[in-house]
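As a plain string of letters, each chain reads:
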Amino acid sequence: MSAVLRWTGIGKLISFYRHIQFSAPWTTTGSASMLVCGIGAIHLYLLSGNFGFPTYLNAYFALLSAAALLSAVGMLLGRRPGWGLGSLVALAAIAVYVASRTLGLPGLPELVSRWDDPLGTFSLALAVLLLFVHVSVVTGMNVAVPRRRDWHD
Amino acid sequence: MYELDFPVWIRITHWVNLLFITLLIRSGVEILGTHPKLYWRNDSKPGTEWARFTRKTMPTDKLYDTLDEEESYSSLVSMPGHKQLGLGRHWHFFSVIGWILTGLTYVILLLATGQWHRYWPYSWSIFPTAWHDLLTYLSFNLPPLLPGQPYDALQKLTYAFVVFVLAPFQILTGAAQSPAIEARFPRYVRLWGGRQAARSLHFFGLILFVLFIVVHVTLIAVWGWGMLTSLMIFGDVESRQWAIVLSLVIIAAVVAVHWAATKYTLRYPRRTQRALGAVVMGVRKWSLKPLVSKQNYSAAELSPEHRVNGKPPISDDYKIMAAHNFADWRLEVAGLVENPMTFTLQELQELSGTQTQRVLHNCVQGWSSIGEWSGVPLRTIVELVGPLPEARFLCVLSMQDSGRDEPSAPGQGQFYEIIDLSLARHPDALLAYEMNGGLLPIEHGAPLRLRLENQVGFKMAKWIDRIEFVSDYSGIGEGMGGWREDNVFYDKNVEI
């Protein structure tokens, strides 16, 4: 496998991220908190609006909004589970949105193929960005509070 | 009422701009790679960078210099790639001249023909309309064009931002990195938050340009590649099939120019240096070279740690001289002069008119520091020795042997730099023997180094032991005007 990665150059391409490192823990953490809050706010709006969604979906919106808030607080307090929860929120938001537009959700067949929802696209964009920021922290491109770069050279 | 169409000059400048902007991006990455770290503060203190684009880590237990920090990037992302800062700089400055001329032509014609209406936001209502357009894009639909205009509201605002904000921003932050401009207009650099803040902001501008290009090309494909490229090639939408073919041919031609220029540059670096240098140095000669330093930073602004570039001589002669506080060292000043002279360090220190200057030091690689330098003005020495009428340049020779002392440097031989006699007469040209109130440290060039405040650092030769007045430098080294010019293809006059 490693030989294939090396021979095709894909390994080099994948490992390119190792050349990029930022030292902005508060910017990173703040950005991620805002992104997860954005996802939570959109779902809170869906919950509070009178859209006639089924009860189970309203419960999901409430749960996702609460989890988003908890995740943002956790991130800002420098707790790693906050990041894990944030990624779960992002993945859930993506999965449920895509499922609602492809397979359909119980009681909401009219949503199938309805990709022309700006709020949905915006929420997807926030979720993808949040996952990207989390991946950047996991891979070491970024650091999040309370960590700091230890660059002494 | 103006017809906001696509006249031939808009079409030509658009495609010429594509070539220059892509050359600028790639050569900019080459320049970034030579010191792949970004800072906010002028001192570029190691460890304070906010971004790194390198995997290298420097030793903490021995002297390293910034040449050790250079990265070698692939030619896919940098121009020409493979750690060729000198050639990357030539391409960057050559391209920026072309880009600015193209931009000026574009803006002048915009104003002269009334086409500027395509960017002018006539009413505040354009902002809610642009917001509505954004929502329309997010719903994977296309918004309507503004009445009688070629763009929708969001496009109009975006293009106006790129043409009238982002492009000037890049030029202004680029200019803020010129030692000549920094020296003459220190307040201008402060306006940007300092030299390193300007460099960081210039980097953000690069990212915005790349993002713009990605979104721009994507939306052209979404709106209709044939229709929009037809407008941008033929000025109408009648020849969409031909436009698709021709647009791809033009893009292929731009790629071919990049490929050929990269190959040629790597294969014939000297020819590239001469050809591009002739253009770039010609422009600098009247624009930047006359600028004289007006800097006077406060003592509080001195960098606590001044970075080092170039390693000291390791010869026994030098070590013995250093051990005796350079009592046996001599500075010989000879060549095309009426009175060849030799100075001891003490004699230099006793010359009247000692000068002290607190200035921003710019390394060609991109880092900076603020230091205080004291010494004898070079013009004092020039006056003492009396150059003959045919003398035009000073060859400043160092005790450093680059092959021996600087393993990171690609090249051999004694380090030297050529400076113009007119530059030696600048009031801020200094032979410094003190730094930050103490004797000049060995790593910064003891016993004597040159300070030229409107030039980048490598021109300021360190460990000097001889100055020769010459009429021509074509027979010295490779004849390019200095060791770095000979070996790493830098430009001779480096006011930026």
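Residues numbered from 1 in each chain as written. Chains lettered and ligands numbered in written order. Predicted model: local features only at pLDDT ≥ 70, side-chain atom pairs only at ≥ 80, totals over all residues.

An account of the overall build of chain A is needed here, citing residue identities and associated values.
On a plain count of helices and strands, chain A comes out with six helices and one strand. With respect to the principal axes defined by its C-alpha atoms, chain A has extents near 60 × 40 × 20 Å. For chain A, buried positions account for 25% of its 153 residues. Restricting the contact set of chain A to residue pairs at least 6 apart, pairs at least 24 apart contribute 67%. (Helix = DSSP H or I, 4+ residues; strand = E, 2+ residues; numbered from the N terminus. Buried ≥ 20, exposed ≤ 12 C-beta atoms within 10 Å, placed from the backbone. Contact = placed C-beta atoms within 7 Å.)

Describe the overall build of chain B, and please don't skip the residues or the numbers.
When helices and strands are counted, chain B shows 15 helices and twelve strands. What you see for chain B is a C-alpha radius of gyration of 26 Å, in line with the 23 Å of a compact globule of 496 residues. Seen through its principal axes, chain B has C-alpha atoms that stretch 80 × 45 × 45 Å. For chain B, buried positions account for 42% of its 496 residues. A sequence separation of at least 24 residues applies to 71% of the contacts in chain B between residues at least 6 apart. (Rg over C-alpha atoms; globule rule 2.2 N^0.38 Å.)

Which residues make up unusual backbone geometry, and what values do they have?
All names here are of chain B. With an omega dihedral of 0 degrees, the bond running from Met79 to Pro80 counts as a cis peptide bond. The amide bond that connects Ala446 to the next residue, Pro447, takes the cis arrangement and shows omega of 10 degrees. Tracing the chain through its elements places Pro447 in the loop between β10 (438–439) and β11 (449–451).

Give me the interface of chain A and chain B: which residues, what numbers.
Accessible area lost during the coming together of the parts is what is often quoted as the interface size. In this complex, chain A contributes 16 residues to the contact, which on the side of chain B involves 17 residues. Looking at the side of chain A that touches chain B, the elements with two or more residues in it are β1 (21–22) and α6 (118–138) of chain A. Looking at which element gives the most residues to the side of chain A that touches chain B, the answer is α6(A), with three residues. The class makeup of the residues in the side of chain A that touches chain B is seven nonpolar, five polar and four charged. (Nonpolar A, V, L, I, M, F, W, Y, C, P; charged D, E, K, R; others polar.)

How would you sum up the domain arrangement of chain B? Please name residues and give values.
All names here are of chain B. Partitioning chain B into domains gives domain 1 (8–35 + 70–287) and domain 2 (299–488). Between domain 1 and domain 2, the C-alpha centre-to-centre distance is 39 Å. Contributions of two or more residues to the side of domain 1 that touches domain 2 are made by α1 (8–34), α2 (85–113), α5 (179–184) and α7 (195–233). Considering every element that reaches the side of domain 1 that touches domain 2, the biggest residue donor is α5, with four residues. In terms of residue class, the side of domain 1 that touches domain 2 is built from five nonpolar, five polar and three charged. (Domains from an automatic or database assignment.)

Please set out the UniProt feature "transmembrane region" (unreviewed entry) in chain A residue by residue, giving values where relevant.
Residues and elements named next belong to chain A. Within this numbering scheme, the UniProt entry marks residues 26–47, 59–78, 85–104 and 124–145 as carrying the feature "transmembrane region" (unreviewed entry). The distance from the first to the last C-alpha atom of residues 85–104 is 25 Å, and the span holds 90% helix and 0% strand. Secondary structure across residues 124–145 comprises 68% helix and 0% strand; the distance between its end C-alpha atoms is 25 Å. (UniProt positions renumbered as here; feature names shortened; annotations may be inferred.)

Any chance you could break down the pairing of strand β3 (residues 331–335) of chain B for me, citing the residues and the numbers?
Residues and elements named next belong to chain B. Where β3 meets strand β4 (residues 341–343), three bridges bridge the pair, whose relative direction is antiparallel. Counterpart to Leu331 in the pairing with β4 is Phe343. In textbook terms, the turn of a hairpin is the stretch between consecutive antiparallel strands, and for β3 and β4 this stretch comprises five residues. Note that β3 and strand β12 (residues 464–470) share four bridges and pair parallel. Counted as the bridge partner of Ala334 is Glu468 from β12. (Pairing = 2+ DSSP bridges.)

Can you explain the sheet that holds strand β2 (residues 51–52) of chain B? Please cite residues and give values.
Strand order in the open sheet formed by three strands is β1(A)-β2(B)-β1(B), with antiparallel pairing between adjacent strands. Each edge of the open sheet is held by one strand with a lone partner, namely β1 of chain A together with β1 (37–38) of chain B. Sheet topology places β1(A) next to β2(B); two bridges connect them, and they run antiparallel. In the sheet register, Phe22(A) faces β2(B), and the bridge partner there is Ala51(B).

Explain the packing of helix α3 (residues 25–48) of chain A against helix α5 (residues 80–102) of chain A to me, and be specific about the residues and the numbers.
Residues and elements named next belong to chain A. At their nearest, the axes of α3 and α5 sit 10 Å apart, and the two run at 40 degrees to each other. Considering the angle they form, α3 stands oblique to α5. In this structure, the crossing between α3 and α5 has a hand that is left-handed. Between α3, through Ala32, Val36 and Ile39, and α5, the contact on the second element is made entirely by Gly86, Val89, Ala90 and Ala93. In the contact of α3 with α5, the residues fall into six nonpolar, one polar and no charged. (Axes fitted to C-alpha atoms, helices over the stretch in contact; angles between N-to-C directions. Parallel < 35°, antiparallel > 145°, perpendicular 65-115°, else oblique. Left-handed = near helix turned anticlockwise from the far one by under 90°.)

Provide a residue-level description of the sheet that holds β3(B), including the pertinent values.
Residue and element names in this part refer to chain B. In spatial order, the strands read β4-β3-β12-β7-β8; together these five strands make up an open sheet with mixed pairing. Only two strands of the sheet have a single neighbouring strand rather than two, namely β4 and β8 (414–420). Here the average twist between neighbouring strands, direction ignored, is 20 degrees.

Can you tell me about the nonpolar core, naming the residues and giving the values?
Residue and element names in this part refer to chain B. Residues Leu394, Cys395, Val396, Ile419, Leu431 and Ile464 are the most contacted members of the largest nonpolar core, which totals 48 residues. When residues in this core are grouped by element, the largest group, six residues, is from strand β7 (residues 393–401). When residues no more than four places from it in sequence are discounted, the contact partners of Cys395 are Tyr416, Ile418, Glu468, Val470, Tyr473 and Ile476. Core analysis: the next-biggest nonpolar cluster, separate from the first, contains 38 residues, Leu85, Leu87, Leu276 and Val280 among them. (Core = buried A, V, L, I, M, F, W, Y, C linked by C-beta atoms within 7 Å.)

Describe in detail the UniProt feature "domain: Cytochrome b561 bacterial/Ni-hydrogenase" (unreviewed entry) in chain B, supporting the description with residues and values.
Cross-referencing UniProt, the feature "domain: Cytochrome b561 bacterial/Ni-hydrogenase" (unreviewed entry) maps to residues 6–235 of chain B in the present numbering. The straight-line gap between the two end C-alpha atoms of residues 6–235 of chain B is 5 Å; of that span, 62% is helix and 2% is strand.

Can you lay out the environment of Ile442(B) for me, pointing to particular residues and giving the numbers?
Residue and element names in this part refer to chain B. By the secondary structure assignment, Ile442 is in the loop between β10 and β11. Of the residues examined, Ile442 has 19 C-beta atoms within 10 Å and is grouped as partly exposed. Separated by 20 residues in the primary sequence, Ile442 and Lys462 have C-alpha atoms spaced 9.2 Å apart. If we ignore the near neighbours within four places in the chain, the residues touching Ile442 are Pro312 and Ala322.

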